[in-house]
Amino acid sequence: EDQVTQSPEALRLQEGESSSLNCSYTVSGLRGLFWYRQDPGKGPEFLFTLYSAGEEKEKERLKATLTKKESFLHITAPKPEDSATYLCAVPPRGGATNKLIFGTGTLLAVQP
Amino acid sequence: DAGITQSPRHKVTETGTPVTLRCHQTENHRYMYWYRQDPGHGLRLIHYSYGVKDTDKGEVSDGYSVSRSKTEDFLLTLESATSSQTSVYFCAISAGTSVGYEQYFGPGTRLTVT
């Protein structure tokens, strides 16, 4: 069964304390991986698409990387406004690429 | 929210009553989706549409029906609401289906079935 697992479930950081969030998947023949940010009471906001192992993408304090089995979202010198739930998603093996499988997310809290 | 509105934003209804949620987009995208989000399960696809009057089932379609009579509107109907359908419902849109076309989400509808 195709699965996406995110860890940790929750992470509390001090402002400026860098860390990484993990997204591991069991889908073979990965065709892409998406990262989203979700603020409380709002819909997910698209961050990145990664297409192949070794690829990296950056946006402000966020950098997403991809290997053959997992993806990391690195947060460098986070600020309180980076507090949110971060979701990753992948297309299923052999299925329609738009029928995404989502992880349950990592809830990030950055304290000033 | 990428030109996506959902209505109502909040609704409380009783078990057994019909409920319709509406998603409206201004982007003229071909593909529209309905997801539900529950603690411990993440986002799960209910139904999606690939054009006017063209729809397909997702992972958790039982108990739900959808309709799309215009490009801009995608309706989700719970014919007879149950407590297990208490959830937050999100609509999403995309311009295509390949990985290069990311999905953009609406603000969500919080539905409580008592």
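Cut-off values and rules
Residues numbered from 1 in each chain as written. Chains lettered and ligands numbered in written order. Predicted model: local features only at pLDDT ≥ 70, side-chain atom pairs only at ≥ 80, totals over all residues. Heavy atoms only, no water. Helix = DSSP H or I, 4+ residues; strand = E, 2+ residues; numbered from the N terminus. Contact = heavy atoms within 4.5 Å. Pairing = 2+ DSSP bridges. Axes fitted to C-alpha atoms, helices over the stretch in contact; angles between N-to-C directions. Core = buried A, V, L, I, M, F, W, Y, C linked by side-chain atoms within 4.5 Å. Buried < 20%, exposed > 50% of the residue type's maximum accessible area, 1.4 Å probe, protein only. Buried area = accessible area lost by both parts, 1.4 Å probe. Salt bridge = Lys/Arg side-chain N within 4 Å of Asp/Glu carboxyl O. Polar contact = N/O pair within 3.5 Å; in protein donor to acceptor, adjacent residues only side chain to side chain. Nonpolar A, V, L, I, M, F, W, Y, C, P; charged D, E, K, R; others polar.

A. Structural view of the side chain of A:N22. Residue position: A:N22 is located in strand β3 (residues 19-25). Contacts of A:N22, omitting those with residues within four sequence positions, involve A:T5, A:Q6, A:S7, A:W35, A:E70, A:S71 and A:F72.

B. Examining the sheet that holds strand β7 (residues 62-66) of chain A more closely. Residue and element names in this part refer to chain A. Taken together, the 5 strands give an open sheet; going across it, the order is β1-β3-β8-β7-β6, and neighbouring strands pair in antiparallel fashion. Each of the sheet's edge strands pairs with one partner strand only, and the pair in question is β1 (4-7) and β6 (56-59). Adjacent strand axes in the sheet meet at a mean angle of 15 degrees when their direction is disregarded. Summarising the sheet, β3 and strand β8 (residues 70-75) pair through 6 bridges and their orientation is antiparallel. Across the sheet, N22 pairs through a bridge with F72, a residue of β8.

C. Region of the structure containing the nonpolar core. Of all hydrophobic cores here, the largest spans 23 residues; its most connected members are A:L33, A:W35, A:F48, A:L62, A:L73, A:Y86 and A:L108. Those elements that provide at least two residues to this core are β2 (10-14), β3, β4 (33-38), β5 (45-50), β7, β8, β9 (84-90) and β11 (106-111) of chain A. When residues in this core are grouped by element, the largest group, 4 residues, is from β9(A). Ignoring sequence-local partners within four residues, the contact set of A:L33 consists of A:C23, A:Y25, A:F48, A:T49, A:L50, A:L66, A:S71, A:C88, A:A89 and A:V90. B:V19, B:C23, B:V66 and B:L111 belong to the second-largest nonpolar core, a separate cluster that totals 19 residues.

D. Spotlight on the interface of chain B and chain A. Counting from both sides, the interface comprises 24 residues of chain B and, opposite them, 21 residues of chain A. Interface area lost by chain B to chain A is led by B:L43, B:V99 and B:F105, which between them contribute 33%. If you look at where chain B meets chain A, you find 1 salt bridge. The partner of B:D56 in a salt bridge is A:K99, and the shortest N-O contact between them spans 3.4 Å. Run the count over chain B and chain A and you get 6 residue pairs in polar contact (both at pLDDT 80 or more). Looking at the side of chain B that touches chain A, the elements that each hand over two or more residues are β4 (31-38), β5 (42-51), β6 (54-57) and β10 (104-105) of chain B. By residue class, the composition of the side of chain B that touches chain A is 11 nonpolar, 9 polar and 4 charged.

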